[in-house]
Amino acid sequence: MHTANATPAAISATAAREVLAEVFGYPAFRGQQQAIVERLIDGGDALVLMPTGGGKSLCYQIPAIVRHRAGRGVAVVVSPLIALMQDQVGALDEVGVEAAFLNSTLTPQQAASVEQGLLSGRLTMLYAAPERLLTPRFLAMLESLHARGQLSLFAIDEAHCVSQWGHDFREEYLGLSALHERFPDVPRIALTATADDHTRADIVERLQLQDARLFISSFDRPNIRYTIVERDNARTQLLRFLRDEHEGDAGVVYCGSRKKVEETAAWLQDEGIPALPYHAGLDAGVRKRHQDRFLREEGLVMVATIAFGMGIDKPDVRFVAHLDLPKNIEGYYQETGRGGRDGAPADAWMTYGLADVVNQRRMIDESPATEDFKRVQRGKLDALLALAEAHDCRRVRLLAYFGEDSQPCGNCDNCLHPPVTWDSTDAARKALSCIYRFAQHGREHHGARSFGVAYLIDVLRGKSTDKVTQHGHASLSTFGIGADLSEPQWRAVLRQLVALGHVVAQGEYGTLALTDTARTVLRGDVTLHMRTPSESPRRSRVRSRGAAAGAGDAPAPRGSRTAPADLDVSQTASFEALRLWRAAVAREHNLPAYVVFHDATLAEMARRRPKSLAELGQITGVGSKKLDAYGSALLDVLAKAADPGGVVRQDV
Ligand code: ADP
Ligand code: ZN
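A short tour of the structure in this document, coming up. No experiment lies behind these values; they were computed from the predicted model shown.

1. Examining the pairing of strand β1 (residues 46-49)
Consecutive side chains along a regular strand alternate between the two faces of the sheet. Covered by surrounding structure in β1 are Ala46 and Val48 together with Leu47 and Leu49, the residues of both alternating faces. With four bridges connecting them, β1 and strand β6 (residues 188-192) associate as parallel partners. For alanine 46, the partnering residue across the bridge sits in β6 and is isoleucine 189. Of the strand pairs in this sheet, β1 and strand β7 (residues 213-216) are connected by four bridges, and their pairing is parallel.

Pasting the structure below:
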């Protein structure tokens, strides 16, 4: 029988902290983790909204462990991501927690052995796909556990899958309300990184979580540095970004189309950067192989469409680059949120240009959706474009979009290098009048047509091309009125006008036309400001937010490709030695390296150079099982790295 109030809150709190330190080796809870964990341990329900990388897994893993130790049986974790269950279970095994998964990848014998573990009470946690969970056979097993008081909790991960409003609705999730109906006294926790109100209301209703306490975390990811650069040559810009700042790092490059994914991956390979393509058009086997390699090998660049990424919880992704504009801020934030889950510095980097604005607007206009739907899409695109055009803190804008107030962050491009701007109102008016004249001239000459960006710029700059002469546009009053600005400057002005919705580019040739709001600019009711195009400053490798504000452009140590920038030469050598050791262990255990230890943990070892098991146990990320299993090997590696010639010198 489940007795919700028998455990005084203080006992739960102590038990939770003990498990955090002893099993996971972490000194403190993050954000709301502690309150969530205690709520579950005490038998309550919870709905958790936390950004990607916020630390959702511990919110159910710790209550599961505490309750299992208190004799309350097994926790059942529902997850849609079959591919990742194996790594989750592997990671729990590394820290000494008995867990298993049940999904379609198991042979009947394997499944039978998991079921036996489940019924015997050996397991602390069982991961299951929803379709598996809801079979009569499985529900009967749960009934039998429940009758013996051996069902400790249900965790429903990626809970937004239950909502048709969310971006990945899954039919099977609807059936999960059965859990509450059959086992009303078993505590449940539902978790998601999707923030909007509509989806949240759906989750509460469909999973019957009316009694759940709601935990909403800040959506800030302070270790991610946001940068949006104006595109001049996307490939050159990307290559410079990868070579200067992320050599040897793992990261994702998002592209808007499958074709561009293939081309970009091939080109990066030619440039000597280890890159793999991923998109929904590739064979399932190839996709799986590429995903596995990305998770298990170090320093691979995944070039992908948005088909890649859902549930990828590789913690050491050091950058997420966008070569094309995403559809909205939700998508952008989710994709960039895949960087830096380990809390170490990561980059979110995007190139952005006129073509993006035109394409995204056109895709909405030409889609077969209803006018209502298109209006919503346009509003979302406008918010993203405002972010891209912004001269002030990107993070303040991102968080404001999710309903959070904040102060300038000191860790985005605009905070770090406040852009120099110029008053572009006058230029904008020249461009708008020129578009207006085209239309007027066309009407007067019975050939109403308008013209694209390149042509407009020729006329503004006073170039007498054949086409200009042919259309008689050299006689327009606007011919040559913009000779003072370069072609890239004009493109930027046009981009701003399209982004702000004063100009639309229509049809196959991107024919320009004014909108109603153009009048406000022509009349001088609004002023516009634009970033002065400049050579983008050469930047240091990303640093933590605190360091970034003061450290400016200190050069990165070049010797190591992925060591944190604050390690000195000998610490870097220790870090590299630890990484080599880790790679060997990971291979032996058939796990991704980060499951053995995170980079941040290895860096702390290299920095603090523990000399005893007790000192080693103090390091964040070293729990008691890992200390037992690896402690003396690690002390060995550290001692050798610190004093490679030690043995020889003693002999001299
Ligand atoms: P989410 O599922 O919310 O995206 P995870 O549960 O994968 O995030 O956690 C992200 C990373 O943060 C993981 O590597 C995890 O080990 C680490 N982490 C979570 N909580 C803590 C904590 N209290 N202290 C240190 N590291 C933590
Ligand atoms: Zn900022």
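Once you've had a look at it, read on.
2. Here we look at the nonpolar core
The biggest cluster of nonpolar side chains holds 73 residues, and the ones touching the most others in it are Ile62, Met125, Leu142 and Ile189. At seven residues, helix α3 (residues 56-69) tops the list of elements feeding residues into this core. Apart from residues no more than four positions distant in its own chain, leucine 142 is found in contact with Val76, Leu133, Leu151, Phe154 and Phe183. Tyr226, Ala388, Leu456 and Ala505 belong to the second largest nonpolar core, which has 56 residues in total.

3. A word on the sheet that holds strand β3 (residues 99-102)
With respect to topology, seven strands assemble into an open sheet ordered β3-β4-β2-β5-β6-β1-β7, the strand pairing being parallel. Lying at the two open borders of the sheet, with one neighbouring strand each, are β3 and β7. Ignoring which end each strand starts from, the neighbouring axes of this sheet average 20 degrees apart. Where β3 meets strand β4 (residues 125-128), four bridges bridge the pair, whose relative direction is parallel. Each residue of the ladder has a partner; that of leucine 102, found in β4, is alanine 128. Those strands touched by helix α2 (residues 33-41) are β1, β5 (151-156), β6 and β7, and its axis lies near 160 degrees from that of β7.

4. Topic: the coordination of the zinc ion (ligand 2)
Listed as protein donors to the zinc ion (ligand 2) are Cys393 (SG), Cys409 (SG), Cys412 (SG) and Cys415 (SG); their distances from the metal cover 2.3 to 2.4 Å. Counting gaps between the donor residues of the zinc ion (ligand 2) yields the pattern C-x15-C-x2-C-x2-C.

5. Topic: the site of ligand 1
Taken together, 15 residues are adjacent to ligand 1, and Tyr26, Gly53, Ser57, Arg341 and His598 come closest. In the model, an oxygen atom of ligand 1 is placed 3.4 Å from a nitrogen or oxygen of the glycine 54 main chain. In the environment of ligand 1, an oxygen atom lies 3.4 Å from a nitrogen or oxygen atom belonging to the side chain of histidine 598. Compared with its free state, where it exposes 560 Å², ligand 1 has 85% of that area covered by protein.

6. Considerations on unusual backbone geometry
The phi dihedral of glutamine 208 falls on the positive side, at around 50 degrees, and the residue is not glycine. Classification of glutamine 208 by relative accessible area gives partly exposed; the value is 26%.

7. Details of helix α7 (residues 136-147)
Counted at 1.5 Å a residue, the expected span for α7 with its twelve residues is 16 Å, and the 16 Å between its end C-alpha atoms agrees. Buried residues of α7: Phe138, Leu139, Met141, Leu142 and Leu145, and no others. Along the axis of α7, the buried positions cluster into a sector of 155 degrees, meaning they face one direction only. Turned more than 90 degrees away from the buried face of α7, the exposed residues are Pro136, Arg137 and Ala147. After α7 finishes, the residue glycine 149 shows a positive phi value of roughly 70 degrees.

8. Some thoughts on the packing of aromatic side chains
The final tally for this structure, using the stated rule, is 15 aromatic pairs. Residues phenylalanine 294 and phenylalanine 308 carry aromatic rings whose centres are separated by 5.6 Å and whose planes lie at 80 degrees to one another, so their mutual orientation is edge-to-face. One end of the pair, phenylalanine 294, is in helix α13 (residues 284-296); the other, phenylalanine 308, is in the loop between β11 (301-304) and β12 (319-322), with 14 residues separating them in the sequence. A residue is classified by how much of its surface remains accessible, and phenylalanine 294, at 1% relative accessible area, is buried. Both rings, one in tryptophan 581 and one in tyrosine 630, keep their centres 5.4 Å apart while their planes meet at 80 degrees; by these two values the pair is edge-to-face.

9. Some details on the pattern of salt bridges
Opposite charge on two side chains permits them to pair, given that their charged atoms come into close proximity. What the rule picks out here adds up to 37 salt bridges. Between lysine 259 and glutamate 263 there is a salt bridge, with its nearest N and O atoms 3.4 Å apart. Within this pair, lysine 259 and its partner glutamate 263 are both found in helix α12 (residues 258-270), separated by four residues, close to a single helical turn. Given a relative accessible area of 58%, lysine 259 falls into the exposed group. One salt bridge connects aspartate 382 with arginine 361, and the closest N-O pair in it is separated by 3.0 Å. In this pair, aspartate 382 is assigned in helix α16 (residues 371-389) and arginine 361 in helix α15 (residues 354-366), connecting sequence segments 21 residues apart. The exposure class assigned to aspartate 382 is partly exposed, which follows from its relative accessible area of 35%. Look at arginine 361 and you get buried, because its relative accessible area is 14%.

10. Here's the deal with the sheet that holds β12
The strand order across the open sheet built from six strands is β8-β13-β12-β9-β11-β10, with neighbouring strands paired in parallel fashion. With partners counted over all chains shown, the strands left at the sheet margins are β8 (224-230) and β10 (275-278), one partner each. The average undirected angle you get between the axes of adjacent strands in this sheet is 15 degrees. Alignment of β12 against strand β13 (residues 346-352), held across four bridges, turns out to be parallel. Counted as the bridge partner of alanine 321 is tryptophan 349 from β13.

Rules used in this analysis
- Residues numbered from 1 in each chain as written.
- Chains lettered and ligands numbered in written order.
- Predicted model: local features only at pLDDT ≥ 70, side-chain atom pairs only at ≥ 80, totals over all residues.
- Heavy atoms only, no water.
- Buried < 20%, exposed > 50% of the residue type's maximum accessible area, 1.4 Å probe, protein only.
- Helix = DSSP H or I, 4+ residues; strand = E, 2+ residues; numbered from the N terminus.
- Pairing = 2+ DSSP bridges.
- Core = buried A, V, L, I, M, F, W, Y, C linked by side-chain atoms within 4.5 Å.
- Contact = heavy atoms within 4.5 Å.
- Axes fitted to C-alpha atoms, helices over the stretch in contact; angles between N-to-C directions.
- Donors = N, O, S within 2.8 Å, 3.2 Å for Na, K, Ca; no water.
- Near = heavy atom within 4 Å.
- Polar contact = N/O pair within 3.5 Å; in protein donor to acceptor, adjacent residues only side chain to side chain.
- Areas by Shrake-Rupley, 256 points an atom, 1.4 Å probe, with all protein chains shown as cover.
- Expected span 1.5 Å × (residues − 1).
- Arc of directions from axis to C-beta.
- Phe/Tyr/Trp six-rings, centres within 6.5 Å; stacked < 30°, edge-to-face > 60°.
- Salt bridge = Lys/Arg side-chain N within 4 Å of Asp/Glu carboxyl O.

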